[in-house]
Amino acid sequence: MKSKNKGWVRILLIIVPYFFIVGLFQFAGAYVSGKEISPEYVQETTEQHLITSFFGLLGTLFVIYLFVELVDDERFADVGLHFKNHKKGILLGLIAGLFIMVAGYLVLDALNQIEYAKTIFLGGEFLMAIFLFLIVSISEEIFFRGYVLRNFMESMNKYVALFVSALFFALMHAANPNLSLIGNINLFLAGVLLGLPYIYTKNLMFPIAFHFSWNFFQSLFGFNVSGLDSYSLIEFRTTQDTWVSGGDFGFEGSVLAILFQIILIVALYAVFNNKKKEKLSIGI
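For clarity, every value in this text was computed on a predicted model and none was experimentally measured.

Analysis parameters
- Residues numbered from 1 in each chain as written.
- Predicted model: local features only at pLDDT ≥ 70, side-chain atom pairs only at ≥ 80, totals over all residues.
- Heavy atoms only, no water.
- Salt bridge = Lys/Arg side-chain N within 4 Å of Asp/Glu carboxyl O.
- Helix = DSSP H or I, 4+ residues; strand = E, 2+ residues; numbered from the N terminus.
- Buried < 20%, exposed > 50% of the residue type's maximum accessible area, 1.4 Å probe, protein only.
- UniProt positions renumbered as here; feature names shortened; annotations may be inferred.
- Patch = residues over 30% accessible without salt bridge, like charges linked within 9 Å, V, L, I, M, F, W, Y side chains within 5 Å.
- Areas by Shrake-Rupley, 256 points an atom, 1.4 Å probe, with all protein chains shown as cover.
- Expected span 1.5 Å × (residues − 1).
- Bend = angle between axes of the 7 residues up to and from the residue.

So what's going on with the pattern of salt bridges? Which residues, and what values?
For the coordinates displayed, the defined rule picks out eight salt bridges. Here Glu 74 ties to Arg 150 by a salt bridge, and the two come within 1.8 Å at their closest N and O atoms. With a gap of 76 residues between them, Glu 74 in the loop between α2 (46-71) and α3 (87-110) and Arg 150 in helix α4 (residues 123-152) connect regions that are remote in the sequence. For Arg 150, a relative accessible area of 8% gives the class buried. Through salt bridges with shared partners, a single ionic network connects Arg 10, Asp 72, Glu 74, Arg 150 and Glu 154.

What follows is the structure, encoded as structure tokens:
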């Protein structure tokens, strides 16, 4: 059995290897995709982003596997990759992300914060966007929740671990383009929202599904995703204050995202604690 005061040490040990190795994999992916290599931000095509992200996923799986198996002396699946009894979590995660983006779009439209421009359906782009955001959600959840949050929980109170891991999650997105103060707040809340089910279930199915759904439908409805432009089914123009619509950072730069995330965090907390008292599992 691992020592309870060593979790944060394992996180310190993995940071440099993680970013170095994953960076090398992503560099290889960028080279294969034909993306221009530059120290400055360069707009990628969806195909280039997909290939680079896929290589990044391979790097993430490689590093996490080595650390879980060799350093933690556990099974790789123990990061939370169990489907059994967690199918409901996948469904709820997909529905929650879709509902928030639909509601956000409709509210912004009703407030005249955005103005519909056109709809563009491109089958290839649509399919690549699905795989892209699925890869991104798997990569980030395995690292931030499956490894970082999991190890923080072995060193401190689970709620403190959740808070610290959410700060770490927001910090790791600090270099994203067009980031605002509201965007920073939303990234932190996203870390809490994605980590909350994990501290109760030790399972990644809901976080992966919700992370995917949030990003995918955010993109389809015309928003940038964490400041990054990608394929959109719907295109619109912003007509009012960007702090309401999110501006160039996307819906995550909107005060509405703060409201929706807080509501969902409170709802999940209430559900999990109620089920805990009843000694039942909700399968998330």
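Moving on, there is more to tell.
Just give me the short version of the UniProt feature "domain: CAAX prenyl protease 2/Lysostaphin resistance protein A-like" (unreviewed entry) in the protein chain, but keep the residues and values in it.
Mapped onto the present numbering, the UniProt feature "domain: CAAX prenyl protease 2/Lysostaphin resistance protein A-like" (unreviewed entry) falls at residues 125-217. Helix makes up 82% of residues 125-217 and strand 0%, and the two end C-alpha atoms of the span are 14 Å apart.

Lay out unusual backbone geometry with the relevant residues and their values.
At Asp 73, a position not held by glycine, the phi torsion is positive, near 60 degrees. Looking at the element boundaries, Asp 73 is found in the loop between α2 and α3. Unlike most non-glycine residues, Lys 202 shows phi in positive territory, near 55 degrees. Tracing the chain through its elements places Lys 202 in the loop between α6 (181-201) and α7 (205-220).

If you had to explain a nonpolar patch on the surface to someone new, which residues and values would you point to?
A cluster of nonpolar residues, Leu 13, Leu 70 and Val 71, forms a patch on the protein surface that exposes about 300 Å² of accessible area. With respect to the helices and strands, Leu 13 occurs in helix α1 (residues 7-33).

Tell me what's going on with α4, and back it up with residues and numbers.
Between the first and last C-alpha of α4 there are 42 Å, a value that for 30 residues agrees with the 44 Å anticipated at 1.5 Å per step. Residue Glu 141 marks the point of greatest curvature in α4, where the axis turns by about 30 degrees. Here α4 lies mainly inside the structure; 21 of its 30 residues are buried.

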